[in-house]
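# Notes for the structure review
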Amino acid sequence: MRLWGPRSLGLALGVFMTIGFALQFLGGSFRKRLPRLQPQVPSRRPAVPSCPPQQRLVFLKTHKSGSSSVLSLLHRYGDLHGLRFALPARYQFGYPRLFQASRVKGYHPQGGGTQPPFHILCHHMRFHLKEVLQVMPSDSFFFSIVRDPAALARSAFSYYKSTSSAFRKAPSLAAFLANPRAFYRPGARGDHYARNLLWFDFGLPFPPEVRTKRGTLHPPRDPNSPQLHVLPPGAGPRAQTLDPSALFHPLSTATHGHSQIASPVSLDLGSSSFIQWGLAWLDSIFDLVLVAEYFDESLVLLADALCWGLDDVVGFVHNAQAGGQQGLSAVSNGGLTAENQQLTARARAWNHLDWALYVHFNRSLWARIEQYGQSRLDSAVAQLRARREALAKRCLVGGEALDPKFITDRRFRPFQFGSAKVLGYRLRSGLSPQDQEECERLATPELQYKDKLDAKQFPPTVPLPSKTSRLLSHRQI
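Numbering of residues begins from 1 in every chain and follows the order in which that chain's sequence is written. Thresholds applied to this predicted model are a pLDDT of at least 70 for local features of residues and 80 or more for the giving and counting of side-chain atom pairs; totals over whole chains, interfaces and linings are not thresholded and use all residues. Only hydrogens and water are set aside when side-chain values are computed; all heavy atoms of the structure are taken into account.

The protein is annotated in an unreviewed UniProt entry as Galactose-3-O-sulfotransferase 4 of Tupaia chinensis. Here the protein is described in UniProt, under the heading Subcellular location (unreviewed entry), as follows: "Golgi apparatus, Golgi stack membrane". UniProt positions are given in the numbering used here, feature names are shortened, and annotations may be inferred rather than shown by experiment. Here the protein is described in UniProt, under the heading Function (unreviewed entry), as follows: "Catalyzes the transfer of sulfate to beta-1,3-linked galactose residues in O-linked glycoproteins. Good substrates include asialofetuin, Gal-beta-1,3-GalNAc and Gal-beta-1,3 (GlcNAc-beta-1,6)GalNAc."

Here it is in structure tokens:
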């Protein structure tokens, strides 16, 4: 006890209480997924997979991270293979509330062995593992996607300008990031879109150590610090213990010409220990996390992990905003103006939980790439892109995404929301029946495809003519 002063005991107690709270909040679900914690080294399979394809999938569709394009792949794959989707009644599972199994259409907890199983759970939700496991088996393949918070902030500000009170009050993203606390109020309507949106979507609680008396979060002390406190690749529950005082720093390297994360944010120790726990928990659950900035590389790794063919992950970009590749979209600061570099640094500092999460999964993705083999990956990515380009030329007017004003067919016109236009696709005329069917699957936006799957799984009942209905009712009497 002499070694532990009151202050040290208080800090230790706070850390353990935080971890205990988080375990209770997340359903104590480490145990349920521990059998899948062994690292999955991508096998060096031939181009045509010889193993059985994985068809039990849980995809956490995060906001503004390229997830609609992944959803399109899953829609198409499940549709072609007759798989059953766990669908929401509308288009989201009660978001922004935590996922509840009861929100899955056709889910009957007392159904026993009579109800057909679900194969794919993939629509917008705030992740809640305990409830997800009520719907999907624990040996499902869990995966998600993340994006650099700087790029995500730019997209979210444009898309959720009318939804988030913080964004609505700010005249521009630059003005918001210059003084976010002048606009942001935790708990205000839609303000979860304005800060640490990835962390929120993953269903993680926010660290109480960094809350002020009024319940707001302290920003990082120095957004230009060269250190970010995250777990190294491979750490987590497999390490069995989490040292609250251990700090881990990512390496500043360049791998095969790809820039790696180098100048992140410094966090308070209490916040850092909580982030370490959160990342360890995610490592125990998710088999793969894609990175939007390396989308094609991520798709190749996904196909390998699922034992799918490359054609299964070839698709078109969906829900892209016009001009969405400019400004803050680059991972590296190279080539950006001084003003945009400042905005990037501020966006990452304000979204420091998302930045820690992004750096962690960026590093784990490149560790996987190293195991897979860089030359092998480059070859597969080239094949993927060549196939996508060929499909675009065969299927699409102009061979690319178009302004929605040019898309007159409602089946292919994407839902328009926010200040920026959401691009979509127009099919060429004169396609053969086989090409028409394939091109329609590729070009159909997520909302229309969800409706199509819904009608397929839950065919509408045709009402009987009124005369027939009356006759049947009289006979029953």
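### Quick notes on the packing of aromatic side chains
Note on ring pairs: Phe, Tyr and Trp rings are taken, using the six-membered ring of Trp, and paired if centres are within 6.5 Å. Classes follow the plane angle, with under 30 degrees stacked, over 60 edge-to-face and the rest tilted. Following the criterion strictly, the structure yields 23 aromatic pairs and no others. A ring pair is formed by F202 and F361, whose centres lie 6.5 Å apart and whose planes are at 15°; its orientation type is stacked. Of the two residues, F202 is situated in the loop between α8 (197–201) and β5 (254–255) and F361 in helix α12 (residues 352–372); the sequence distance between them amounts to 159 residues. The exposure classification of F202 matches that of F361, with both residues buried. Relative to W277, the ring of F274 has its centre 6.3 Å away and its plane inclined at 45°; by these criteria the two rings are tilted. Taken together, the residues span about one helical turn, with F274 and W277 both in helix α9 (residues 269–285) at a distance of 3 residues. Exposure categories follow from relative accessible area, calculated using a 1.4 Å probe and restricted to protein chains: below 20% of the type maximum is buried, above 50% is exposed, and the middle band is partly exposed. Judged by its relative accessible area of 3%, F274 falls in the buried class. Through a chain of ring-to-ring contacts, three or more aromatic side chains come together here, namely F127, F142, F202, W281, F286 and F361. When the ring centre of Y159 is taken as origin, the NZ or CZ atom of K64, which lies over that ring, is 3.6 Å away. Its end group placed over the ring of F200, R126 keeps NZ or CZ at 3.9 Å from the ring centre. The numbering of helices and of strands both runs from the N terminus, where a helix is a DSSP run of H or I of at least 4 residues and a strand a run of E of at least 2. Placement of a positive charge over a ring is assigned whenever Lys NZ or Arg CZ falls within 6 Å of the ring centre and within 35 degrees of the normal to the ring plane.

### What to know about helix α3 (residues 67–80)
Along its 14 residues, α3 runs 20 Å from first to last C-alpha, staying within 8% of the 20 Å computed at 1.5 Å per residue. For α3, the buried fraction is high: 13 of the 14 residues fall into the buried class. Looking one or two residues beyond α3, the residue adopting positive phi is G82, at roughly 65°. Given a helix with a known number of residues, its expected span is that number minus one, times 1.5 Å.

### Quick notes on the pattern of salt bridges
Basic side-chain nitrogens of Lys or Arg form a salt bridge, by our definition, when they fall within 4 Å of a carboxyl oxygen of Asp or Glu. With the rule as written, the count across this model stands at 19 salt bridges. K393 serves as the salt-bridge partner of E389, at 3.5 Å between the closest nitrogen and oxygen. Pair noted here: E389 and K393 are both in helix α13 (residues 374–395), with a separation of 4 residues, about one helical turn. Accessibility expressed as a relative area gives 57% for K393, which makes it exposed. Of the charged contacts in the structure, one is a salt bridge between E440 and R411, with a shortest N-O distance of 3.4 Å. With E440 in helix α14 (residues 433–443) and R411 in the loop between α13 and α14, this residue pair connects regions lying 29 residues apart in the sequence.

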